[in-house]
Amino acid sequence: HGLSRSGTEYGPLTDLPDWSFEDGRPAPPLKGQLRRRQEKEVLARRIVMLSSEVDRGMEVWKEKQEEAKRMEEHKKSLLLKPKGKLLIKKTQS
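Residues numbered from 1 in each chain as written. Predicted model: local features only at pLDDT ≥ 70, side-chain atom pairs only at ≥ 80, totals over all residues. Heavy atoms only, no water.

- The chain is annotated in an unreviewed UniProt entry as Large ribosomal subunit protein mL52 of Goodea atripinnis.
- The annotation that UniProt attaches to the chain under Sequence similarities (unreviewed entry) is "Belongs to the mitochondrion-specific ribosomal protein mL52 family."
- A UniProt comment under Subcellular location (unreviewed entry) is attached to the chain, and it reads "Mitochondrion". (UniProt positions renumbered as here; feature names shortened; annotations may be inferred.)

Here is the structure:
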């Protein structure tokens, strides 16, 4: 339903300050808010790092696939070519 498992995980009751000054200035952040902000930042950095690792892994895998394909084509080019009657039969069919 778009709600947290408990009321203390996220949402306006945990993320917004409890009070503000009369003149409209925001209240200083609480220890829990600073801790949650730092945890979210650490998690975001880890997600970015893991995502870049996956991207690099996919690039390396594609390069290996292309190299294997080039090697296979090179091996096929080194095979003996048909000659004489076999060459004529192969070009006609």
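### Some details on the environment of Ser 4
Part 1 of the reasoning: Looking at the element boundaries, Ser 4 is found in the segment before α1 (12–15).
Part 2 of the reasoning: Sequence-distant contacts of Ser 4, defined by excluding residues within four places in its chain, comprise Glu 9 and Tyr 10. (Helix = DSSP H or I, 4+ residues; strand = E, 2+ residues; numbered from the N terminus. Contact = heavy atoms within 4.5 Å.)

### What to know about the packing of aromatic side chains
Part 1 of the reasoning: Enumeration over the complete set of coordinates arrives at 1 aromatic pair.
Part 2 of the reasoning: Pairing Trp 19 with Phe 21 gives two aromatic rings, centres 5.1 Å apart and planes at 80°, and the pair type is edge-to-face.
Part 3 of the reasoning: Taking NZ or CZ as reference, Arg 25 lies 4.2 Å from the ring centre of Phe 21, over its face. (Phe/Tyr/Trp six-rings, centres within 6.5 Å; stacked < 30°, edge-to-face > 60°. Lys NZ or Arg CZ within 6 Å of the ring centre and 35° of its normal.)

### A few points about a negative patch on the surface
Part 1 of the reasoning: On the surface, a cluster of negative charge is made up of Asp 55, Glu 59, Glu 63 and Glu 66.
Part 2 of the reasoning: Following the sequence through the fold, Glu 66 ends up in helix α2 (residues 31–78). (Patch = residues over 30% accessible without salt bridge, like charges linked within 9 Å, V, L, I, M, F, W, Y side chains within 5 Å. Areas by Shrake-Rupley, 256 points an atom, 1.4 Å probe, with all protein chains shown as cover. Salt bridge = Lys/Arg side-chain N within 4 Å of Asp/Glu carboxyl O. Lys, Arg positive; Asp, Glu negative; His and termini not counted. Charge placed at Lys NZ, Arg CZ, Asp CG, Glu CD.)

### Focus: the environment of Ala 27
Part 1 of the reasoning: Within the secondary structure, Ala 27 sits in the loop between α1 and α2.
Part 2 of the reasoning: Each C-alpha atom of the pair Ala 27 and Pro 17 lies 6.5 Å from the other, and the pair is 10 residues apart in sequence.
Part 3 of the reasoning: When residues no more than four places from it in sequence are discounted, the contact partners of Ala 27 are Pro 17, Trp 19, Ser 20 and Phe 21.

### A short note on the side chain of Arg 36
Part 1 of the reasoning: Positionally, Arg 36 belongs in helix α2.
Part 2 of the reasoning: Taking the relative accessible area as the measure of exposure, Arg 36 reaches 17% and is therefore buried.
Part 3 of the reasoning: Apart from residues no more than four positions distant in its own chain, Arg 36 is found in contact with Glu 9, Thr 14 and Asp 15. (Buried < 20%, exposed > 50% of the residue type's maximum accessible area, 1.4 Å probe, protein only.)

### Let's talk about the side chain of Gln 33
Part 1 of the reasoning: Relative to the helices and strands, Gln 33 resides in helix α2.
Part 2 of the reasoning: Each residue touching Gln 33, except ones within four places of it in the same chain, is listed here: Thr 14, Asp 15, Leu 16 and Pro 17.

### Description of a nonpolar patch on the surface
Part 1 of the reasoning: Nonpolar side chains collect at one region of the surface, where Val 54, Met 58 and Trp 61 lie side by side and expose about 330 Å² of accessible area between them.
Part 2 of the reasoning: As for its position among the elements, Trp 61 is in helix α2.

### Points about the pattern of salt bridges
Part 1 of the reasoning: Summed over the entire model, instances satisfying the criterion amount to 4 salt bridges.
Part 2 of the reasoning: We note a salt bridge from Asp 23 to Arg 25, for which the minimum N-O separation is 3.0 Å.

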